[in-house]
Amino acid sequence: AVATASGSTAAEDLPVTQRIVGLLSGRGSNFQSLLNASAAGLLGGNIDLVISNRTGAGGLNIAHDAGIETALIDHQNYPTREAFDRDLAGVLDSRSPDLVVLAGFMRILTADFVERFAGRLLNIHPSLLPLYAGLNTHQRALDNGDTHAGATVHYVTGELDGGPPVLQARVPIEPGDDAHTLAARVLAVEHQIYPVAVKWHMTGRLTLIDGTLRKDGVALPATGHLWEEPL
Ligand code: GRF
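So, a few notes on the structure that sits alongside this text. Not measured: the values here are computed from a predicted model. The written sequence of each chain sets the order in which its residues are numbered from 1. Local features are withheld for residues below a pLDDT of 70 in this predicted model, meaning they are given only at 70 or higher, and side-chain atom pairs are given and counted only at 80 or more; totals for whole chains, interfaces and linings count all residues. Side-chain measures here rest on the full set of heavy atoms in the structure, leaving out hydrogens and waters.

### Things to note about the overall build of the protein chain
Basically, it comes down to this: The way it works is that DSSP assigns letters per residue, a run of H or I at least four long becomes a helix, a run of E at least two long becomes a strand, and they are numbered from the N terminus. We take the radius of gyration over the C-alpha atoms and set the globule estimate at 2.2 Å times the residue count to the 0.38 power. In what follows, a contact means two residues having at least one pair of non-hydrogen atoms within 4.5 Å.
Looking only at helices and strands, the protein chain has six helices and eleven strands in total. Here the protein chain has a C-alpha radius of gyration of 18 Å; the compact-globule value for 231 residues is 17 Å, and the two agree. Its C-alpha atoms give the protein chain principal-axis dimensions of roughly 70 × 45 × 35 Å. Long-range contacts, defined as pairs at least 24 residues apart, comprise 63% of the intrachain contacts of the protein chain with a sequence gap of at least 6.

Structure (structure tokens):
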């Protein structure tokens, strides 16, 4: 904000609080990590609203306990995917979010929805994209004898888990791992990388123009920025 000659601050110069809306379906541990970062002033915006498509999602309780507004839009009440997405988009539009974060939101979104929020829609996926889009990522990595697994934050496009990666973290696959032990190791890095990627978006460090994702003006590789590299 810029002080005026009289010493007061011109209203139009006050920084505008950036709005984030979260979408989730389940326990909400990634949402919790975003909330922690927000409380510490590390997210570059406020989470205004959390929407779940499932009753009883743990993430709704987390939001409620933190005093964040919640909404339930139960997909089971809609005859079609299109009808659900239209209502969801309407609620989102009423908040003009600068970012919509998918935090364990287990619904495929329609092309119209994705188009409407293009460049403002981030997701976290538990694999080293472009490997293992879709479900059961950890078991598939184990079955293939991979030496590493990981997580990727990416912008959402019409292709399932196919939008440009922003930030990716790797973890080793240890002897004796099963899908549960591996998921836990991956989840720990998910909680680290998601708030960082969100902050990059909120502070304008990411641009997605004509399908090319840049951070600080430099095109990112197909795997996104690697967590192991300096941020
Ligand atoms: C995470 O593994 C995330 O990568 C995937 O769904 C899971 C959500 O877990 N998209 P939580 O609800 O954030 O704990």
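### Focus on the sheet that holds strand S8 (residues 206-209)
As a reminder, the rule being used: A pair of strands is considered paired only if DSSP assigns at least 2 bridges between the two.
Spatially, the three strands line up as an open sheet ordered S8-S9-S10, and their pairing is antiparallel. The open sheet has two edge strands, S8 and strand S10 (218-219), and neither has a second partner. Relative to S10, strand S9 (residues 212-215) is paired through two bridges, and the arrangement is antiparallel. Following the sheet pairing, Lys215 is matched in S10 by Val218.

### Comments concerning the nonpolar core
Convention followed: Among buried residues, the Ala, Val, Leu, Ile, Met, Phe, Trp, Tyr and Cys ones that are joined through side-chain atoms within 4.5 Å form a nonpolar core. Summary of the burial criterion: residues with accessible area below 20% of their type's maximum are buried, those above 50% are exposed, and those between are partly exposed, where the area comes from a 1.4 Å probe applied to protein chains only.
Judged by nonpolar contacts, the single largest core of 42 residues is most densely connected at Ile20, Phe31, Ile47, Leu122, Val166, Tyr194 and Val198. Here Val198 is in contact with Ile20, Leu34, Leu43, Leu99, Val101 and Leu122, once residues within four sequence places are set aside. Listed in part, the 18 residues of the second largest apolar core include Val21, Leu49, Phe117 and Leu121.

### Considerations on helix H2 (residues 58-65)
Formally: Working definition: the arc comes from the directions between the helix axis and the C-beta atoms, pointing outward to the latter.
Among the residues of H2, Gly59, Leu60, Ile62 and Ala63 are the ones counted as buried. Along H2, the residues classed as buried sweep out an arc of 160° about the axis, all on the same side. Exposed side chains of H2 directed beyond 90 degrees from the buried face belong to His64 and Asp65. Among the structural elements, strand S1 (19-24), helix H1 (29-39), strand S2 (46-52) and strand S3 (69-72) are those in contact with the buried residues of H2.

### What to know about the site of the ligand
The condition that has to hold: Working definition: residue near molecule or strand if any one of its non-hydrogen atoms lies within 4 Å of it. Polar contacts, as used here, are pairs of N or O atoms within 3.5 Å; protein pairs need one atom able to donate a hydrogen and one able to accept it. Residues neighboring in sequence count only if both atoms are side-chain atoms. With residues, only the protein chains shown are counted as cover, and all accessible areas are computed by Shrake-Rupley using a 1.4 Å probe. In this count, Pro and Cys sit with the nonpolar residues alongside Ala, Val, Leu, Ile, Met, Phe, Trp and Tyr, while Asp, Glu, Lys and Arg are called charged and the others, Gly among them, polar.
Arg27, Gly28, Ser29, Asn30, Gly104, Ile124, His125, Pro126 and Glu190 make up every residue found near the ligand. The side chain of Ser29 places a nitrogen or oxygen atom 2.5 Å from an oxygen atom of the ligand. Considered on its own, the ligand offers 370 Å² of accessible surface; in the complex 86% of this is hidden by protein. Sorting the residues of the shell around the ligand by element identifies H1 and strand S5 (121-125) as the ones contributing at least two each. A breakdown of the residues in the shell around the ligand according to their chemical character gives two nonpolar, five polar and two charged.

### A look at the packing of aromatic side chains
Let me state the cut-off plainly: Centre distance within 6.5 Å is the pairing criterion for rings of Phe, Tyr and Trp, where only the six-membered ring of Trp is used; planes under 30 degrees apart are then read as stacked, over 60 as edge-to-face, and the remainder as tilted. Our definition puts a charge over a ring when NZ of Lys or CZ of Arg is within 6 Å of the ring centre and also within 35 degrees of the ring normal.
Tallied over the full model, the rule gives two aromatic pairs. Residues Tyr78 and Phe84 carry aromatic rings whose centres are separated by 5.6 Å and whose planes lie at 80° to one another, so their mutual orientation is edge-to-face. Looking at Tyr78, the relative accessible area reads 23%, which means it is partly exposed. Sitting over the face of the ring of Phe84, Arg107 holds its NZ or CZ atom 4.8 Å from the ring centroid. In this structure, Lys215 is placed above the aromatic ring of Trp200, and the distance from its NZ or CZ to the ring centre is 4.7 Å.

### Considering the packing of H1 against H2
Condition: Note on geometry: axes are C-alpha line fits, over the in-contact stretch for helices, and angles between N-to-C directions span 0 to 180 degrees. An angle below 35 degrees is treated as roughly parallel, one above 145 as roughly antiparallel, one from 65 to 115 as roughly perpendicular, and anything else as oblique. By definition, turning the near helix anticlockwise from the far helix through less than a right angle yields a left-handed crossing, and turning it clockwise yields a right-handed one.
Running from amino to carboxyl end, H1 crosses H2 at an angle of 20°, the nearest separation of the two axes being 9 Å. Here H1 lies roughly parallel to H2, going by the angle between them. Remark: the crossing between H1 and H2 carries right-handed chirality. Residue-level contacts link Phe31, Gln32 and Leu35 of H1 to Gly59, Ile62 and Ala63 of H2. Across the contact of H1 with H2, the residue classes break down as four nonpolar, two polar and no charged.

### Comments concerning the pattern of salt bridges
Where we set the bar: The salt bridge criterion pairs a side-chain nitrogen of Lys or Arg with a carboxyl oxygen of Asp or Glu, the two atoms within 4 Å.
Inspection of the entire model under this criterion finds five salt bridges. Glu69 is paired through a salt bridge with Arg95; the nearest N and O atoms lie 2.8 Å apart. Residue Glu69 is found in strand S3, and its partner Arg95 is found in the loop between helix H3 (81-93) and strand S4 (99-102); the two are separated by 26 residues along the sequence. One salt bridge in this structure joins Arg116 and Asp93, with 2.3 Å as the shortest N-O distance. One end of the pair, Arg116, is in helix H4 (residues 111-116); the other, Asp93, is in helix H3, and 23 residues separate them in sequence. Overall, the relative accessible area of 44% leaves Arg116 in the partly exposed class. Connected through salt bridges with shared partners, the residues Arg205, Lys215 and Asp216 form a single ionic network.

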